[in-house]
Amino acid sequence: MINLNKINKLSDETLENIGFTWHTDTDGTKYISDELVQITQEEAEAYYEAGNELYDMFVECAQHVIDNDLFFEIGIPFNLVEMIKKSWENDVHWHIYGRFDLAGGVDGEQIKLIEFNADTPTSLFETTLLQWALLKENNMDEDKQFNNAYEAIKNNFKRLVTLDEEVLSFDDNYDGWKILFSSVEGDDEEEATTRLLQQIATDAGFNTSFEYLENVRFDEDGIFDAQDNNYEYWFKLFPWEDIATDEPELATVLTNIMQNQKAILLNPAYTLLFQSKGMLKILWDLYPNHPLLLKTSYEPLDTLHVEKCVFGREGANTKIIDKDGTILEQTDGEYDNYKKVYQEYVDFPKDSQGSKYQAGVFFAYESCALSFRKGGEIMDNMSKFVGHVIQ
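Nothing here was measured: the structure is a model prediction, and the numbers come from that model.

K.L.:
Let's hear about the overall build of the protein chain: which residues, and what values?
P.N.:
What the protein chain contains, in helices and strands, is 11 helices and 19 strands. On C-alpha atoms alone, the protein chain measures out to a radius of gyration of 20 Å, which is about the 21 Å that the 2.2 N^0.38 rule sets for 391 residues. Within the protein chain, buried positions represent 58% of all 391 residues. Nonlocal contacts in the protein chain, meaning residues at least 24 apart in sequence, comprise 71% of its contacts between residues at least 6 apart.

K.L.:
How would you explain helix α4 (residues 124-137) if you had to name every residue and give the values?
P.N.:
Spanning 14 residues, α4 covers 19 Å between terminal C-alpha atoms, matching the ideal 20 Å at 1.5 Å per step. At Leu130, α4 shows its largest kink, close to 30°. Residues of α4 that are buried: Leu124, Phe125, Glu126, Thr127, Thr128, Leu130, Gln131, Ala133, Leu134 and Leu135. Backbone geometry just after α4 places Asn139 at a positive phi near 55°.

K.L.:
Hey, could you go over the packing of aromatic side chains for me, with residue numbers and the actual values?
P.N.:
Each aromatic ring pair is summarised here by two numbers: the centre-to-centre distance and the angle between the ring planes. Inspection of the entire model under this criterion finds 31 aromatic pairs. Ring geometry for Phe20 and Phe125: centres 5.7 Å apart, planes at 35°, overall tilted. Highlighted residues: Phe20 in the loop between α1 (12-17) and β2 (32-39) and Phe125 in helix α4, separated in sequence by 105 residues. With respect to class, Phe20 is no different from Phe125; both count as buried.

K.L.:
Give a detailed account of a negative patch on the surface, specifying residues and quantitative values.
P.N.:
Residues Glu42, Glu45, Glu49, Glu53, Asp56 and Glu60 make up a contiguous surface patch of negative charge. Within the element layout of this structure, Glu42 appears in helix α2 (residues 41-67).

K.L.:
Lay out the sheet that holds strand β8 (residues 222-224) with the relevant residues and their values.
P.N.:
If you trace the three strands from one edge of the open sheet to the other, you get β7-β8-β9, paired in antiparallel fashion. Two strands lie at the open edges of the sheet, namely β7 (217-219) and β9 (230-231), each paired on one side alone. Across two bridges, the pairing between β8 and β9 is antiparallel. Its bridge partner lying in β9, Ile223 is registered against Tyr231. Packed onto the sheet, helix α9 (residues 248-259) meets β7 and β8 and runs at close to 65° relative to β7.

K.L.:
Which residues make up helix α7 (residues 188-204), and what values do they have?
P.N.:
With 17 residues, α7 extends 24 Å between its outermost C-alpha atoms, agreeing within 8% with the 24 Å of an ideal straight helix rising 1.5 Å per residue. Along α7, the positions that sit buried rather than exposed are Glu189, Glu191, Ala192, Thr193, Thr194, Leu196, Leu197, Gln198, Ile200, Ala201 and Ala204. Against the buried residues of α7 lie α4, α5 (149-162), α6 (170-173), β5 (178-182), β6 (207-210) and β10 (233-236). Positive backbone phi, at 120°, marks Gly205, one or two positions downstream of α7.

Reading guide: rules and limits
Residues numbered from 1 in each chain as written. Predicted model: local features only at pLDDT ≥ 70, side-chain atom pairs only at ≥ 80, totals over all residues. Heavy atoms only, no water. Helix = DSSP H or I, 4+ residues; strand = E, 2+ residues; numbered from the N terminus. Rg over C-alpha atoms; globule rule 2.2 N^0.38 Å. Buried < 20%, exposed > 50% of the residue type's maximum accessible area, 1.4 Å probe, protein only. Contact = heavy atoms within 4.5 Å. Expected span 1.5 Å × (residues − 1). Bend = angle between axes of the 7 residues up to and from the residue. Phe/Tyr/Trp six-rings, centres within 6.5 Å; stacked < 30°, edge-to-face > 60°. Patch = residues over 30% accessible without salt bridge, like charges linked within 9 Å, V, L, I, M, F, W, Y side chains within 5 Å. Areas by Shrake-Rupley, 256 points an atom, 1.4 Å probe, with all protein chains shown as cover. Salt bridge = Lys/Arg side-chain N within 4 Å of Asp/Glu carboxyl O. Lys, Arg positive; Asp, Glu negative; His and termini not counted. Charge placed at Lys NZ, Arg CZ, Asp CG, Glu CD. Pairing = 2+ DSSP bridges. Axes fitted to C-alpha atoms, helices over the stretch in contact; angles between N-to-C directions.

The structure is reproduced here in structure tokens:
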């Protein structure tokens, strides 16, 4: 059972003053919950350890995919394979951050991996800033939270230069290299997330700028903003698989830019391996019956299970299917043409009203923050953000 603390919410005006404009969902309900999930210190540490162990497992599985040429099997577009291989080979292509979606973890329930949002994870603004602000607003101890994402991501930006765990040598080795941050114009959530990452990189010591994706220029000489300034790094909050399918010419240019060492692309192309839900099947192959994993196959299971597309966002095109093949619940979306995987069903923890909670653990070199989403059987774009407090 999920235990909750009722709290005073932040006003819409306060949220908008700090750049958070997507506070009200399309049905008029508030996106940010006025409750906090109570967890223990031991539960926080278990989430931390689970994220670290899962990341190591994903790294092993990615190497297995590359060594055995399993790109097609997990749904990777052919025109990104070369870029994935090249980015995997060189440490300069540093994975800045990702988010594990997990079931369990509270009230004695085993933590189970649902999926890994490794390429373009959102809810960073909410996790890093808002849930901390909720503690502050309610005169609660601001340290009573598993939430070190800002500092962890800042250090990970520094590792673009130090290429090592230690980051103290950043100032001695940084030579003015610039990072251009980009998102699609018109999406407030993605822009705010991207600008937050830009601020973190600036605090790390980088020269940074922002340009809407539509205004960025790409050619064989590199990556440029609208004023023709050249950048050594480009961070895009835009899915790699969408570049592959919707912008194939851009995929080719980016491959050449990387091969010619004209710019480094963030998050790296290899994060699409982690992002693919086909990796859930590879994980089960390499780590069968691991306590953090759910059985996953390319064929329907003979037990209650969930059908997912290898690529998709916010619970779209997901089905919960009974062992006899009956569809119990499903969502529509734009991802149905992707390959499917079938994952063993696991129930999410519930509160006293029957609402379900999915944990999100952010990862930046190590597990660094926790937050929750509240919803129904399938966590979709109408699920609510819920912070937490360590009791």
